[in-house]
Amino acid sequence: MASLSDIGWGAFHELTAEQKAPYFRDAERERHVIVAQQFDRARLDALGILATQIRRIAKTHAGLDYLQSVLSHKRAMLYFSQPSTRTFLSFCAACEILGLKLGEVRDTSTSSEFKGESQDDSVRTFSSYFDLIIMRSQIGGLAERVAWLLSNSERPIPVINAGSGKDQHPTQALLDIYTLQRSFEEHGGIDGKRIIFVGDLLRGRTVRSLSVLLTQYRDVEQCFVAPDALQIGEDIQAILRERGVRFRLSDDLRGEIPSADAVYMTRVQNEWDASHGESARIDISRFCFGEYELGLLTPHAVIMHPLPRREEIASVVDHSPHAVYWRQMRNGMWIRAALIATLFTKDTEIRDYFAQHEIA
Amino acid sequence: MASLSDIGWGAFHELTAEQKAPYFRDAERERHVIVAQQFDRARLDALGILATQIRRIAKTHAGLDYLQSVLSHKRAMLYFSQPSTRTFLSFCAACEILGLKLGEVRDTSTSSEFKGESQDDSVRTFSSYFDLIIMRSQIGGLAERVAWLLSNSERPIPVINAGSGKDQHPTQALLDIYTLQRSFEEHGGIDGKRIIFVGDLLRGRTVRSLSVLLTQYRDVEQCFVAPDALQIGEDIQAILRERGVRFRLSDDLRGEIPSADAVYMTRVQNEWDASHGESARIDISRFCFGEYELGLLTPHAVIMHPLPRREEIASVVDHSPHAVYWRQMRNGMWIRAALIATLFTKDTEIRDYFAQHEIA
Amino acid sequence: MASLSDIGWGAFHELTAEQKAPYFRDAERERHVIVAQQFDRARLDALGILATQIRRIAKTHAGLDYLQSVLSHKRAMLYFSQPSTRTFLSFCAACEILGLKLGEVRDTSTSSEFKGESQDDSVRTFSSYFDLIIMRSQIGGLAERVAWLLSNSERPIPVINAGSGKDQHPTQALLDIYTLQRSFEEHGGIDGKRIIFVGDLLRGRTVRSLSVLLTQYRDVEQCFVAPDALQIGEDIQAILRERGVRFRLSDDLRGEIPSADAVYMTRVQNEWDASHGESARIDISRFCFGEYELGLLTPHAVIMHPLPRREEIASVVDHSPHAVYWRQMRNGMWIRAALIATLFTKDTEIRDYFAQHEIA
């Protein structure tokens, strides 16, 4: 099994996400969550089941009191050098459900307090007071740097990547998978479903991660509905082809909806525009979901969105039973709680509690 | 009973505070705290009694441990888009007394993180992770907007207005009432007392709210002592007249003190000046409380102030037993705890605990 | 015994740290932590023993659950008007170990919210909601001002100075002492050891405090290794001389290492430069610790650093068993927990728990 203590930083850093994944697959040895690719089907299934058990246990006061005792002896640092209120709050909630105490560190890069100190030293110092680091950064690779650093120190606490740079946001991918698991719970699970992705597929990291994770499920068909300029990248298409996944590119949202089990909407990520206003020139009116599109859905189909949304979903859709994007937010909280419980090998204990208490 | 799900936002928003009050009177159905007017005498009395019970239970370690278990399964979001350290800390303390976990959201309006997202969506997303929203905003009506929005969603959690715009700050009014209740506990309660308000009565929302709430008590006489330019508004006078409340305008503080049961001091709210420096031209030296004024007080009279103060109370007054403004701060913590316990219908449980433990 | 209620602020403020110390020595009456000098040998020893007991109890989930119950009924305010992430996090951790709830107040001096309010009033208001104030400020003497103020109020809660101005940071001195206590636990304790201080000894308040505290130990020899321009101040030398402590000034790091039991490294504190870039002109290359210096150490010698470091310790040193500066960080957390437990007179209770549970 690959180990971070056997590889130098330079060599590790140059690996692709696929190549890094094995370093984080053995939950017992390297307890970090860095790339979506580290989760195989078995772990995805186990996490989804645990998330649902936690969610159900949490429905009663006694159940939540039990959950809050599970990791009441642990402390988590939320190190968010890139602001993200929703991800931050979701992780806070996940930690508090399990009783972890929280400490928050915001952007430190510009603080004169740290003048002359290396970032490695700052993070390692802060880590002294904690048992878990949850880290978000605009700098790609910072979370994996810290994971590597701590795995090569005397106090190797786990690191969770809560979004780093343009590319990785593994817990977002987990919550998307969990939302699909829940949505199809009574309908045979994710296997065999048809998922359509809509909007800015070129730059949305949630779509890119979810698309790759879905290749672990049997017979899932993927359809990418976007204007040409925002279509899904060649790299993702290559992965899908290599794994024999059925997929299709399209620019006809209304034509695709009737055969979709899930419609994953996204907003235009104009913050990544190479030149200012570039994506404002793209007509996305045909990639929006409104009352008319609602009428095209099959009975069990769901509409997802990673939020925040702009005009791509009309607010009238919010009240439809097909709309699961608000629940998707809460799913993030449950799956993150499941993930953290698993990192501290408390999954079995929680499953036993669930079984013994015959929770509805 | 009026319900937020039966009225559109436009129609609701245009109601006066008096007209909105019925929408928040039925604690079982619409569990929001939006306007001071929603509290009738029975609820004010019940809240005061509960606050005192909580305060007494909290005196022992075992008692506080019990209180912290009451809402240990709930999470509160403090959404403060307008900073107010004292109100913030008071709500934090109130929540922690009852065991609620806290999440904080500061000003989000200027964050690029939310570019393009509606405020409705932001608040609704954040609300996903919480069971209660405590909201302060410089924008009048934001708290009621969120209350209306959530009452029309699938997850209608309660909203407490912690100060919105110029007009409403209902929990401040509650703490003022509670301070009066405590001050006159051994002296027949608030009924029949004479309260004098001093200072900037035109713009102080605490005075305006408290004056109206006091109309629910029998035979309370109100006296407004201020320079002409800062006298209490015609609108409040009209309410008092309509309800047959005895009141008087005065500009003679020293003349009024000897017959006062409570002297409610306020500072000049020059942040609301229409033109810069406007209120600096008003001579307020005759509306200040110092050593001489102390000597005019009757034995049981109390001096209140919502704080912060400036020069209107000399610091020598702080050490007088008549000065209750520091205790008033802590009263805010207790009454807010009582309010939150009541919102989650835990009032009966706490009263039972109090009765069973024969707390002194 | 000296008491803050018997002395006016003006007279108290002008005392030296030595003269202030007696006001804080009687833990039962004046429960503030203001100056390093207030700790005599007996208290230093007791705190070190308690810190180790807390650290060992905390190793198990049950033990930490016990510790978290000790002060679960108390609330601490972290009032940090000067940012210091590491001190802040260390105090947070210390409080949470003992179950204290936390409230945070950041810089309030520039906030329009407080316009016109005195700092005394602000702090006293905030203190209403708490049972302990932990205070850091760039203003020398603020913590002692607040301690004096509260000791002369009806709600005299304790104040801990978490760094004020240039001079005092007593809990940093405590953690340094505790690190020495632990390092020499198996080697006869601090008595008789030889400590060398290296770097900017002129301005580093940690060195200045530690040097004075060490005079309470028997036969400790102190050696100050620095470039002339950054040598230890005459005032400290005078104290050492007066107390008959053996000490030496040196500029030869490599010559001193072989006889050192502890090497206390520091960075150049150029933020205190009188003129910009002043200390950049000093050659400190001879006051750095690298691989060569490692080879000069005796087997049990330790390398300390208050952190943050710059180039004065090479990162290769981090992996040496001599390097205790990371552990030093965690020691800060344990000694602060011991200090807070003692302030609330919970030391005996914790010692009893430790004894009864025969903790390894």
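Residues numbered from 1 in each chain as written. Chains lettered and ligands numbered in written order. Predicted model: local features only at pLDDT ≥ 70, side-chain atom pairs only at ≥ 80, totals over all residues.

### Quick look at the nonpolar core
Now for step 1: With 330 residues, the main nonpolar core has Val263 of chain A together with Val263 of chain C as its most contacted residues.
Now for step 2: Apart from residues no more than four positions distant in its own chain, Val263 of chain A is found in contact with Ile196, Val198, Ile257, Phe289, Ala301, Ile303 and Met304 of chain A. (Core = buried A, V, L, I, M, F, W, Y, C linked by C-beta atoms within 7 Å. Buried ≥ 20, exposed ≤ 12 C-beta atoms within 10 Å, placed from the backbone. Contact = placed C-beta atoms within 7 Å.)

### What about the sheet that holds strand β7 (residues 247–250) of chain C?
Residue and element names in this part refer to chain C.
Now for step 1: The 5 strands lie next to each other as β7-β6-β5-β8-β9, forming an open sheet whose pairing is parallel. Strands with a single pairing partner mark the edges of an open sheet, and in this sheet they are β7 and β9 (302–304). Strand-to-strand twist across the sheet, computed as the mean angle between neighbouring axes with direction ignored, equals 20 degrees.
Now for step 2: Direction of pairing for strand β5 (residues 194–198) relative to strand β6 (residues 221–225): parallel, over a ladder of 5 bridges. In the strand pairing of β6, Phe197 is matched with Phe224. (Pairing = 2+ DSSP bridges. Helix = DSSP H or I, 4+ residues; strand = E, 2+ residues; numbered from the N terminus. Axes fitted to C-alpha atoms, helices over the stretch in contact; angles between N-to-C directions.)

### Quick look at the relation of the copies chain A and chain C
Now for step 1: Overlaying chain A with chain C gives an RMSD of 0.0 Å, the required rotation being 120 degrees about an axis along which the chain moves by 0.0 Å. Both chain copies can therefore be described as sitting about a three-fold axis. (Least-squares fit on C-alpha atoms with pLDDT ≥ 70 in both.)

### Regarding the interface of chain A and chain C
Now for step 1: Every contact between the two is made by 18 residues of chain A and, on the other side, 21 residues of chain C.
Now for step 2: Looking at the side of chain A that touches chain C, the elements with two or more residues in it are β2 (101–105) and α6 (119–127) of chain A.
Now for step 3: Here the side of chain A that touches chain C takes 4 residues from α6 of chain A, the largest share from any one element.
Now for step 4: Of the residues belonging to the side of chain A that touches chain C, the class tally is 4 nonpolar, 8 polar and 6 charged. (Nonpolar A, V, L, I, M, F, W, Y, C, P; charged D, E, K, R; others polar.)

### Re the interface of chain B and chain A
Now for step 1: Between chain B and chain A, the contact holds 18 residues from the first and 21 residues from the second.
Now for step 2: Among the secondary structure elements, those contributing two or more residues to the side of chain B that touches chain A are β2 (101–105) and α6 (119–127) of chain B.
Now for step 3: The greatest single-element share of the side of chain B that touches chain A, amounting to 4 residues, is contributed by α6 of chain B.
Now for step 4: Considering only residue class, the side of chain B that touches chain A consists of 4 nonpolar, 8 polar and 6 charged.

### Focus on the environment of Arg205 of chain B
Residue and element names in this part refer to chain B.
Now for step 1: Along the chain, Arg205 turns up in helix α9 (residues 205–213).
Now for step 2: Residue classification places Arg205 among the buried positions, given that 20 C-beta atoms sit within 10 Å.
Now for step 3: Apart from residues no more than four positions distant in its own chain, Arg205 is found in contact with Lys166, Asp167 and His169.

### Things to note about the packing of helix α8 (residues 170–183) of chain B against helix α13 (residues 325–343) of chain B
All names here are of chain B.
Now for step 1: Where α8 meets α13, the closest approach of the two axes is 8 Å, and the angle between their N-to-C directions is 110 degrees. By the criterion of interaxial angle, the relationship of α8 to α13 is roughly perpendicular. Both α8 and α13 take part in a crossing whose hand is right-handed. Only Gln328, Asn331, Gly332, Ile335, Arg336 and Leu339 of α13 make contact with α8, whose side of the interface consists of Thr171, Leu174, Leu175, Tyr178, Thr179 and Arg182.
Now for step 2: Here the contact of α8 with α13 is composed, by residue class, of 5 nonpolar, 5 polar and 2 charged. (Parallel < 35°, antiparallel > 145°, perpendicular 65-115°, else oblique. Left-handed = near helix turned anticlockwise from the far one by under 90°.)

### Here's the deal with the packing of α8 of chain B against α9 of chain B
Each pair of packed helices gets described by two things: the angle between the helix axes and the distance between those axes.
All names here are of chain B.
Now for step 1: Between α8 and α9, the least distance of the axes is 9 Å, while the angle of their chain directions is 60 degrees. By the criterion of interaxial angle, the relationship of α8 to α9 is oblique. Crossing handedness for the pair α8 and α9: right-handed. Where α8 approaches α9, its residues Pro170, Gln172, Ala173, Asp176 and Ile177 are matched on the opposing element by Thr206, Ser209, Leu210 and Leu213.
Now for step 2: Grouping the amino acids of the contact of α8 with α9 by side-chain chemistry returns 5 nonpolar, 3 polar and 1 charged.

### Let's talk about the sheet that holds strand β5 (residues 194–198) of chain B
Residue and element names in this part refer to chain B.
Now for step 1: Spatial strand order, β7-β6-β5-β8-β9: 5 strands in an open sheet with parallel pairing. The sheet is open, and its two edges are formed by β7 (247–250) and β9 (302–304), each paired on a single side. When the angles between neighbouring strand axes are averaged without regard to direction, this sheet yields 20 degrees.
Now for step 2: Of the strand pairs in this sheet, strand β8 (residues 262–265) and β9 are connected by 3 bridges, and their pairing is parallel. Each bridged residue has a counterpart across the sheet, and for Val263 the counterpart in β9 is Ile303.

### Quick notes on the confidence of the model for chain A
Low pLDDT means the predicted atomic positions in that stretch should not be read closely.
Now for step 1: Considering every residue of chain A, the mean pLDDT works out to 92; 96% of them sit at 70 or more.
Now for step 2: With pTM at 0.94, the complex prediction returns an ipTM value of 0.92. (pLDDT = per-residue confidence, 0-100.)

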